[in-house]
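# Tertiary structure, described
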Amino acid sequence: MAKKESKKKVVLAYSGGLDTSIIIPWLKETYDVEVIAFAADLGQNDFPNAKALEEKALKTGASKCYVLDLKKEFLEEYVWPTVRAGAKYEGTYLLGTSFARPLIAKYQVKIAEKEGAYAVAHGATGKGNDQVRFELTYAALNPKLEVIAPWKDPRWTFHSREDAIDYAAAHKIPLNGISKKKIYSEDGNLWHLSHEGGVLEFPEQEHKYEFLKHTNTYEKAPNKADHVTITFDKGNPVAIDGKKMGAVELLEYLNKIGGKNACGLLDIVENRLVGLKSRGVYETPGGTLLYKAHECLQQLVLDKETLFESQKMSMTYANLVYNGQWFTPLRQAMDAFFAEVNKVVTGDVTLKLYKGNIIPAGIKSPYSLYDMGLGGFTDVDMYDQKDATGFIRCYGLPLKTRALLLGKKTNVDFGGVPSLKNK
């Protein structure tokens, strides 16, 4: 009797959510393949235990399900470097989803190689950023793997989350509370929780924050402030209130105290890489505290030029992370710059937390460049105020020269000089 030919294997980035739950049976029906699910535990608030997630994947049609705890690697190798860079996309977004995807995709590629799979698959839509983050990582780490992206597949007949919910119901796939009435799309990990969809698709409308899970509203936050002291060593957070902690324990603590005081709640409209705008609500309580503390410490220990260049480069770093360019020579080269800058970012920062406000309440470092004599109003030997006269004369010489040589011939309109005549 001839041996039955085994089916080709596909490794799916699996979360147990709406999209990836229906993709398992869809892949089997459409491609006639064996589907291997892979789920990464990055500290999602609603992440089921490994056994429950594996059981759901198998019942949905997967032949196997890998569940890996990647929380420590996620924070130390992806989040902390981004904090050291001070990277915020468009000046606000703390990149919670952005730097999670390359890590997930990296292990997806590893599993595909181990299992001898010919392809990898993801549930990102063709309108979002995650498709880019997944597929750039695949290309960087194993360009020979084929990519199946159902939302961009011509055989994918769903056009909305409502369609996906109907398919799940027909296939008896449990959705853990997702319904056409509760249709917010969420993505979470230990760093943040994002919310999209529903009323958030209308920027002119206020929402009632009924979906918050990590963060209090300002109205519900305590009427008494909390203080927290964060210790950094070379730009990495290592202790809270004098107690050394590992990365996971430290962020869990900051999430708790930050969320309690309504810190890190963000409602923004952002520019997606694919060219459209989207609105999202982000809960990043602990991360927001870390960014603020790191910024405060940098202000104390970095000279003017280094701080200026660091702030400029942080915008480029944020774009690289947001755009899925984690595994690139440029990001790695920039990591070297920020590692050098952060050699002196060591010390303690105390923050006062009150109804969403994060107020610096004390900063100290062995590398502090703050001199009380220079920074005060009292004359000191090291700084003669009369020296400023010559400094300003030289510093303003180009402006003075231009005005003297060009006069009214200058093509620069400074708005004219207001009349001093009495009216």
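Quick look at the structure, then. Not measured: the values here are computed from a predicted model.

Moving on: the sheet that holds strand E1 (residues 9–13). If you trace the five strands from one edge of the open sheet to the other, you get E3-E2-E1-E4-E5, paired in parallel fashion. Sheet topology places strand E3 (64–69) and strand E5 (146–148) at the edges, where each strand pairs with a single neighbour. In this sheet, adjacent strand axes meet at a mean angle of 25 degrees when their direction is disregarded. Here E1 runs beside strand E4 (residues 119–121); their pairing, made up of three bridges, is parallel.

Time to look at helix H3 (residues 71–85). Along its 15 residues, H3 runs 20 Å from first to last C-alpha, staying within 8% of the 21 Å computed at 1.5 Å per residue. Its maximal kink placed at Val79, H3 deviates by approximately 35 degrees, while the proline Pro81 follows within four residues. In terms of residue burial, H3 counts as a mostly covered element, since 11 of its 15 residues are buried. Of all the positions in H3, only Lys71, Phe74, Leu75, Tyr78, Val79, Trp80, Pro81, Thr82, Val83, Arg84 and Ala85 are classed as buried. In the segment just after H3, Gly86 is the residue with positive phi, at about 65 degrees.

Describing an aromatic ring pair means giving the distance of the ring centres and the angle of the ring planes. Under the criterion given, the structure shown has 17 aromatic pairs. Between Trp26 and Tyr31, the ring centres sit 5.9 Å apart and the planes meet at 65 degrees, which makes this aromatic pair edge-to-face. Looking at Tyr31, the relative accessible area reads 23%, which means it is partly exposed. With 5.1 Å between their ring centres and 75 degrees between their planes, Phe337 and Phe338 make a pair best called edge-to-face. Put simply, the rings of Trp26, Tyr31, Trp151, Trp156, Phe158 and Tyr167 touch in pairs and so form one group of aromatic residues.

Take the packing of H3 against helix H7 (residues 247–260) next. Packing of H3 against H7 brings their axes to within 8 Å, and their N-to-C directions diverge by 80 degrees. On the basis of their axis angle, the class for H3 and H7 is roughly perpendicular. Contacts between H3 and H7 involve Lys71, Lys72, Leu75, Glu76 and Trp80 from the former and Ala247, Val248 and Leu251 from the latter. Within the contact of H3 with H7, the residues separate by chemical class into five nonpolar, no polar and three charged.

Moving on to the layout of surface pockets. There is about 270 Å³ of room inside the second largest pocket. As for the second largest pocket, its lining consists of 15 residues, of which Lys88, Thr92, Leu94, Leu266 and Thr288 are closest to the centre. No other element matches the four residues that helix H8 (residues 285–301) contributes to the lining of the second largest pocket. In the lining of the second largest pocket, the residues fall into seven nonpolar, five polar and three charged.

The subject of this paragraph is unusual backbone geometry. For Lys172, which is not a glycine, the phi torsion comes out positive at approximately 55 degrees. Residue placement: Lys172 occurs in the loop between helix H6 (161–170) and strand E6 (185–188). With phi around 55 degrees, Lys234 is a residue other than glycine that occupies positive phi space. Locating Lys234 in the fold gives a position in the loop between strand E8 (226–233) and strand E9 (236–240).

Okay, the side chain of Asn261 next. By the secondary structure assignment, Asn261 is in the loop between H7 and strand E11 (265–271). In this structure Asn261 touches Ala221, Pro222, Lys224, Asp226, Leu353, Tyr354, Lys355 and Gly356, once residues within four positions along its chain are discounted.

Here we come to a nonpolar patch on the surface. A surface patch of nonpolar side chains, about 350 Å² in accessible area, is lined by Leu374, Met382 and Tyr383. Within the element layout of this structure, Tyr383 appears in the loop between helix H11 (372–375) and helix H12 (387–395). Judged by relative accessible area, Tyr383 falls into the partly exposed class, the value being 45%.

Another point: the nonpolar core. In this structure, Phe74 and Trp191 are the most contacted members of the largest nonpolar core, which totals 74 residues. The residues touching Phe74, leaving out its near neighbours within four places in the chain, are Leu42, Val79, Gly96, Phe99, Ala100, Leu103, Asn189 and Trp191. Formed by 30 residues, the second largest nonpolar core is a distinct cluster that contains Trp26, Ala121, Phe158 and Ala168.

What counts, and at which threshold
Residues numbered from 1 in each chain as written. Predicted model: local features only at pLDDT ≥ 70, side-chain atom pairs only at ≥ 80, totals over all residues. Heavy atoms only, no water. Pairing = 2+ DSSP bridges. Helix = DSSP H or I, 4+ residues; strand = E, 2+ residues; numbered from the N terminus. Axes fitted to C-alpha atoms, helices over the stretch in contact; angles between N-to-C directions. Expected span 1.5 Å × (residues − 1). Bend = angle between axes of the 7 residues up to and from the residue. Buried < 20%, exposed > 50% of the residue type's maximum accessible area, 1.4 Å probe, protein only. Phe/Tyr/Trp six-rings, centres within 6.5 Å; stacked < 30°, edge-to-face > 60°. Parallel < 35°, antiparallel > 145°, perpendicular 65-115°, else oblique. Contact = heavy atoms within 4.5 Å. Nonpolar A, V, L, I, M, F, W, Y, C, P; charged D, E, K, R; others polar. 1 Å grid on protein atoms, 1.4 Å probe; cavity = no way out; pocket = protein on both sides within 12 Å on 5 of 7 lines; lining within 4 Å. Points joined across faces, edges and corners; volume = space filled by probe spheres on them. Patch = residues over 30% accessible without salt bridge, like charges linked within 9 Å, V, L, I, M, F, W, Y side chains within 5 Å. Areas by Shrake-Rupley, 256 points an atom, 1.4 Å probe, with all protein chains shown as cover. Salt bridge = Lys/Arg side-chain N within 4 Å of Asp/Glu carboxyl O. Core = buried A, V, L, I, M, F, W, Y, C linked by side-chain atoms within 4.5 Å.

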